[in-house]
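Spelled out, the chains give:
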Protein chains: 2
Amino acid sequence: MHLALFLTHAGSHLAGWRHPLAENGNALDIRYYQRLAQRAEAAKLDLLFVADKLALDDIHGGDFEAAVTWRPSGSPEPLALLSALSVLTERIGLGATISTSYHQPYHVARQFATLDHFSGGRAAWNAVTSVNDGEARNFGLERHLGHAERYTRAGEFIELVRTLWDTWEDDALIVDKASGRYADASRIHYADHQGEHFRVRGPLNLPRPPQGHPVLIQAGVSGTFQALAASNAEVIFPVQSSLEKARAFYRQFKRQVLDAGRQADAVKVLPGLYPIVADSDQQAQDLAGELDELIQPLAGLAFMSASMNYDLAQHDPEAPVPDIRDFIQGSKGRFDVVIGNAIEAGWSLRQLGRWYASSLAFAKLVGSPKSVAEQMEQWLQEDAADGFVVMPPYSPGGAERFLDQVVPELQRRGVFRREYQGSTLREHLGLRVPAPSRIKAR
Amino acid sequence: MHLALFLTHAGSHLAGWRHPLAENGNALDIRYYQRLAQRAEAAKLDLLFVADKLALDDIHGGDFEAAVTWRPSGSPEPLALLSALSVLTERIGLGATISTSYHQPYHVARQFATLDHFSGGRAAWNAVTSVNDGEARNFGLERHLGHAERYTRAGEFIELVRTLWDTWEDDALIVDKASGRYADASRIHYADHQGEHFRVRGPLNLPRPPQGHPVLIQAGVSGTFQALAASNAEVIFPVQSSLEKARAFYRQFKRQVLDAGRQADAVKVLPGLYPIVADSDQQAQDLAGELDELIQPLAGLAFMSASMNYDLAQHDPEAPVPDIRDFIQGSKGRFDVVIGNAIEAGWSLRQLGRWYASSLAFAKLVGSPKSVAEQMEQWLQEDAADGFVVMPPYSPGGAERFLDQVVPELQRRGVFRREYQGSTLREHLGLRVPAPSRIKAR
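Residues numbered from 1 in each chain as written. Chains lettered and ligands numbered in written order. Predicted model: local features only at pLDDT ≥ 70, side-chain atom pairs only at ≥ 80, totals over all residues. Heavy atoms only, no water.

With an unreviewed UniProt entry as reference, chain A is termed Nitrilotriacetate monooxygenase, source organism Stutzerimonas kirkiae. Of the comments in the UniProt record for chain A, the one headed Sequence similarities (unreviewed entry) reads "Belongs to the NtaA/SnaA/DszA monooxygenase family." (UniProt positions renumbered as here; feature names shortened; annotations may be inferred.)

A. Quick peek at the overall build of chain A. Counting its regular elements, chain A contains 15 helices and 14 strands. A compact globule built from 442 residues should have a C-alpha radius of gyration of about 22 Å, and chain A, at 22 Å, falls within 12% of that. On the principal axes, the C-alpha backbone points of chain A span a range of 75 × 50 × 45 Å. The burial tally for chain A puts 66% of its 442 residues in the buried class. Across chain A, the fraction of contacts at a sequence separation of at least 24, relative to all contacts at a separation of at least 6, is 76%. (Helix = DSSP H or I, 4+ residues; strand = E, 2+ residues; numbered from the N terminus. Rg over C-alpha atoms; globule rule 2.2 N^0.38 Å. Buried < 20%, exposed > 50% of the residue type's maximum accessible area, 1.4 Å probe, protein only. Contact = heavy atoms within 4.5 Å.)

B. Local environment of the pairing of strand β3 (residues 93-99) of chain B. All names here are of chain B. Among the seven residues that make up β3, seven are buried, leaving the element largely enclosed by the rest of the structure. Neither face of β3 is left uncovered, since the one carrying Gly93, Gly95, Thr97 and Ser99 and the one carrying Leu94, Ala96 and Ile98 both have all their residues buried. In terms of strand pairing, strand β2 (residues 47-50) meets β3 through four bridges, oriented parallel. Looking across to β3, one finds that leucine 47 is bridged to glycine 93. Read from β3 through helix α4 (residues 105-118) to strand β4 (residues 123-128), the crossover connection turns out right-handed. (Pairing = 2+ DSSP bridges. Right-handed = clockwise from strand over helix to strand, strands pointing away.)

C. Quick peek at the packing of aromatic side chains. Taken as a whole, this structure holds 42 aromatic pairs over all chains when the rule is applied. Judged by centre distance (5.0 Å) and plane angle (55 degrees), the rings of phenylalanine 64 of chain A and tyrosine 190 of chain B are tilted. Separated into two different chains, phenylalanine 64 of chain A in the loop between β2 (47-50) and α2 (65-70) and tyrosine 190 of chain B in the loop between β6 (181-183) and β7 (193-194) make up a pair that spans both. Considered together, phenylalanine 64 of chain A and tyrosine 190 of chain B belong to a single accessibility category, that of buried residues. (Phe/Tyr/Trp six-rings, centres within 6.5 Å; stacked < 30°, edge-to-face > 60°.)

D. Here's a closer look at the interface of chain A and chain B. Counting residues at the interface gives 80 residues for chain A, matched by 80 residues for chain B. Looking only at chain A, the three residues that lose the most surface to chain B are Phe118, Lys177 and Tyr182 of chain A, adding up to 12% of its buried area. Linking chain A with chain B are six salt bridges. The set of elements that each furnish at least two residues to the side of chain A that touches chain B consists of α1 (30-42), α2, α3 (78-86), α4 (105-118), β5 (173-176), β6 (181-183) and β8 (199-200) of chain A. Tallying contributions element by element places α4 of chain A first for the side of chain A that touches chain B, with seven residues. Classifying every residue of the side of chain A that touches chain B by side-chain character gives 38 nonpolar, 24 polar and 18 charged. (Buried area = accessible area lost by both parts, 1.4 Å probe. Salt bridge = Lys/Arg side-chain N within 4 Å of Asp/Glu carboxyl O. Nonpolar A, V, L, I, M, F, W, Y, C, P; charged D, E, K, R; others polar.)

E. Main features of the sheet that holds strand β11 (residues 268-269) of chain A. Residue and element names in this part refer to chain A. Strand order in the open sheet formed by ten strands is β11-β10-β9-β4-β3-β2-β1-β14-β12-β13, with parallel pairing between adjacent strands. This sheet does not close on itself; its edge strands, each paired only once, are β11 and β13 (363-367). The pairing of strand β3 (residues 93-99) with strand β4 (residues 123-128) spans six bridges and is classified as parallel. Each bridged residue has a counterpart across the sheet, and for serine 99 the counterpart in β4 is valine 128.

F. Here's a closer look at the pairing of strand β9 (residues 215-218) of chain B. Residues and elements named next belong to chain B. Side chains of β9 alternate between two faces, with Val215 and Ile217 and Leu216 and Gln218 buried alike. Alignment of β4 against β9, held across three bridges, turns out to be parallel. Paired with asparagine 126 across the strands is isoleucine 217, a residue of β9. Pairing analysis gives two bridges linking β9 to strand β10 (residues 235-236), with the strands arranged parallel. Bridge pairing in β10 links glutamine 218 to isoleucine 236. You can see the chain leave β9, run along helix α7 (residues 223-232) and come back into β10, and the turn it takes is right-handed.

G. Region of the structure containing the environment of glycine 333 of chain A. Residue and element names in this part refer to chain A. By secondary structure assignment, the location of glycine 333 is in helix α11 (residues 332-345). You can call glycine 333 buried: its relative accessible area is 16%. When near neighbours in sequence (up to four residues on either side) are disregarded, glycine 333 contacts Val221 and Ser222.

H. Spatial organisation of the pattern of salt bridges. Residues and elements named next belong to chain A. For the structure shown, the criterion picks out 60 salt bridges over all chains. Taking the shortest distance from any N to any O, the salt bridge between glutamate 377 and arginine 413 comes out at 2.9 Å. Here glutamate 377 is found in helix α13 (residues 369-381), whereas its partner arginine 413 is found in the loop between α14 (397-412) and α15 (425-429), with 36 residues between them in sequence. Residue classification places arginine 413 among the partly exposed positions, given a relative accessible area of 26%. Shared partners join several salt bridges into a network, and the residues in it are Lys370, Glu374, Glu377, Glu409, Arg412 and Arg413.

I. Highlighting the relation of the copies chain A and chain B. Note on the identical chains: chain A maps onto chain B by a rotation of 180 degrees and an axial translation of 0.0 Å, with an RMSD of 0.0 Å. Between the two chains, the operation in question is that of a two-fold axis. The rotation axis passes nearest to the C-alpha of alanine 84 of chain A in chain A, at a distance of 2.0 Å. Counting the interface residues of chain A, we find that 100% of their copies in chain B are interface residues as well, pointing to one common contact surface. (Least-squares fit on C-alpha atoms with pLDDT ≥ 70 in both.)

J. Structural detail: α4 of chain B. All names here are of chain B. Taking 1.5 Å of rise per residue, 14 residues should cover 20 Å, and α4 covers 20 Å from first to last C-alpha, within 8% of that figure. Counting buried positions along α4 gives 14 out of 14 residues, so the element sits mostly inside the fold. Glycine 120 lies just past α4 and shows a positive phi near 65 degrees. (Expected span 1.5 Å × (residues − 1).)

K. Seen up close, the sheet that holds strand β11 (residues 268-269) of chain B. All names here are of chain B. Spatial ordering of the open sheet is given by β11-β10-β9-β4-β3-β2-β1-β14-β12-β13, a layout of ten strands whose pairing is parallel. With partners counted over all chains shown, the strands left at the sheet margins are β11 and β13 (363-367), one partner each. Each of β2 and β3 touches helix α3 (residues 78-86); the most contacted strand, β3, lies at about 165 degrees to it. (Axes fitted to C-alpha atoms, helices over the stretch in contact; angles between N-to-C directions.)

L. Broad picture of the packing of α4 of chain B against helix α6 (residues 147-165) of chain B. Residue and element names in this part refer to chain B. In contact at an axis separation of 9 Å, α4 and α6 are set at 55 degrees when each is read in the N-to-C sense. Taken together, the axes of α4 and α6 are oblique relative to one another. Where α4 crosses over α6, the handedness of that crossing is right-handed. Taken together, the residues of α6 that come into contact with α4 (itself represented by Pro105, Tyr106, Val108, Ala109, Phe112 and Ala113) are Phe157, Leu160, Val161, Leu164 and Trp165. (Parallel < 35°, antiparallel > 145°, perpendicular 65-115°, else oblique. Left-handed = near helix turned anticlockwise from the far one by under 90°.)

M. Inspection of helix α1 (residues 30-42) of chain B at higher detail. With 13 residues, α1 of chain B extends 18 Å between its outermost C-alpha atoms, agreeing within 8% with the 18 Å of an ideal straight helix rising 1.5 Å per residue. All of the buried residues along α1 of chain B are Ile30, Tyr32, Tyr33, Gln34, Leu36, Ala37, Ala40 and Glu41 of chain B. Where α1 of chain B is buried, its residues contact α4 of chain A together with β1 (2-6), β2, α3 and α14 (397-412) of chain B. One or two steps after α1 of chain B, the chain reaches lysine 44 of chain B, where phi turns positive at roughly 70 degrees.

N. Here's a closer look at the UniProt feature "binding site: FMN" (unreviewed entry) in chain A. Residues and elements named next belong to chain A. The sites that carry the UniProt feature "binding site: FMN" (unreviewed entry) are, in the present numbering, Asp52, Thr97, His147, Tyr151 and Ser222. Apart from residues lying up to four places away in sequence, threonine 97 is in contact with Phe49, Val50, Ala51, Asp52, Pro78, Asn126 and Val128. A distance of 2.6 Å separates the side chain of threonine 97 from the backbone oxygen of valine 50, its partner in a polar contact. Here tyrosine 151 shows up in helix α6 (residues 147-165). According to the relative accessible area criterion, tyrosine 151 is buried, its value standing at 12%. Discounting chain neighbours no more than four positions away, the residues touching tyrosine 151 are Thr129, Ser222, Thr224, Phe225 and Leu228. (Polar contact = N/O pair within 3.5 Å; in protein donor to acceptor, adjacent residues only side chain to side chain.)

O. A look at the packing of α3 of chain A against α4 of chain A. All names here are of chain A. Between α3 and α4, the least distance of the axes is 9 Å, while the angle of their chain directions is 15 degrees. Relative to α4, α3 is oriented roughly parallel. Once α3 is placed against α4, the crossing between them reads as left-handed. On α4, the residues that touch Leu79, Leu82, Ser83 and Ser86 of α3 are Gln111, Phe112, Leu115 and Phe118. Considered class by class, the residues forming the contact of α3 with α4 number five nonpolar, three polar and no charged.

This is how it looks when you write it as structure tokens:
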């Protein structure tokens, strides 16, 4: 089983920050992240995972009031965070979310290559396509790129970044003081990329990363996403609300990976998971209830509006959920399902907001350490997952409870490592180091 | 006296890496930078300074062969480097070079705000406009932006980044678990920037940096540069090859600062400085000679070509330096002077390449710790500088010699601090925290 810890300031449950065991102050305090990272490493997790958005959420009602008032906002830039953590940890992987829609490939290639060097081969890139107009407006556009365009751009972006990582052959450096030769120019190559979205000559201005390529993560569930991920991703982070759905998705996705000419285990499927853990099953249920009591439904609706790029404030919150599936522009795959289920259940928008704030549509495993571990093992055994991105509902308390109580239970059951065997993230995940792409000499 | 340490992998002298006391291996090894940063902090320096270029130098002869063969190339992305160093140091400032020509203001504002938060107020941004076509070609352009356009873009970029830092008022966070209110939306503002080069709505997605604004550094000497810097910069890093020239520049620049409506000491002038230090003056002269013996003139000519965005390979290296001043597109201010002086001295291109490789046109102070300290003090007393960016010719040996031998001599003379008085870079430099710009509520 592979495990990532989803790093947040105060937890993934939208009211988690109000829990007594949640952090209560500065989201930019690196010591808070250091503490969590080192605890996760002591528990031998595969990697840390940092999400990102490029704007305050301001789709709901056309401003950011609901988003900033009722839940934590303001967070560090992911690569700066992971660079800092790279020197405070030794073995755990470091995964950062960076958008292919609003960044430049040359910068992104350099940043991840640097992180991979600093960490001795522990970097991973979660390549996303961003979700809403608020993000577009911070980069000179009025509207978010359309779904299809985002994905063609993402495909070209990822291929180009990999090419840039390969512009230095592994043995390009000579560093011979006597002859004065520092590098072998014949082992460094232009990329000469001229595509639909980018023209980048290269070479990159630093040596090939220790992992060859930092690990590529992708998050999503839409059909367009799956096609891209089946050919490119090495880890995927899908939203799956139940074991049954996860099993069906897993089977189908692994088939796509095979169809793309890759081995099924070349991509690890790590669904997001909300563990709510207490000493007994009953206490865990009580804790889940306490957390849900703290929810402001507006926080959920504002988050959903931002993720869908659709303003839910235009509808009466007490009326039944309207069928807006044709208008979802953001995380389409996820919200087609969420909205469909809510309509079927006959919920009001307010009910939907509450439900979404409580889990963000991820699977919630509630129980004692033993019963949470049991359920996780079941997902593995029934081919619903290769592991999980663990999203503590409140933090650091909820994260530490998982690491201190559930991980040892998984180790006792023999489904999770007791010690790191390798030193790179690829080694932790059992992924091969990619051979350099053949870049032709001019 | 204010002192910055210019961080490089193996030294600023282009053959410095061949010296026995230079680092000899991996330019991406964070432990090397950690060692230097901690030594500089123990010596109570104001800040670390990291330069940057966005391409391998490939103007000379139209490819990167000369640049990668004869001197170190390949270096970490500056913000990743300083984020890592922010958690390995406690007091020293952290200055990174980021180009306004090939980055996006929203990303840059976030990255420096994050660095300022992680470091508790120690971030500085060296805003440069980049130098050559090789950089442009990594970002979709065929040619580098023209001198005038670069500077109007830089002015708008800097103003916009400052506005983004101010989008959160200092007391925007509430974080009240009882009421569930996390932030006060009325204290967070859109930037609504619509300029000639950028349209960015904001707000930034993190709280105002501890220093209000990270310190703004600018490097250059051209007239266009001086006009921008006199209005904006808080530290400048000019090339000055001698005390006399530095004195004239200092007097004239401080007058421009006054003309721009600012106090003269609101901008610290820190010329670059090559210290070549040994136990005696004679030994230092010998060391300088040894270093120069190791020079490959091509390394100097390739570096110059890249910095000027003009290919010197088209001229006979044995012929006198041609007057190419009308064709310099990169660091124009610096190279108008360099080329003019070389013509006056009757040098061949090869001689110029040697000379440039030896100092990059910065002032070289050669001597015992006492005599180097004496000369530095003289620059201060004669109003030629407010301090220096110290550029060790070889590293870490040359850096450590300066920190261990020259700094204590400066302390004995009472011109440099023995202890940090403040904890932020602004405090070290004696710069005030800027009041937030007034962003109107919509």
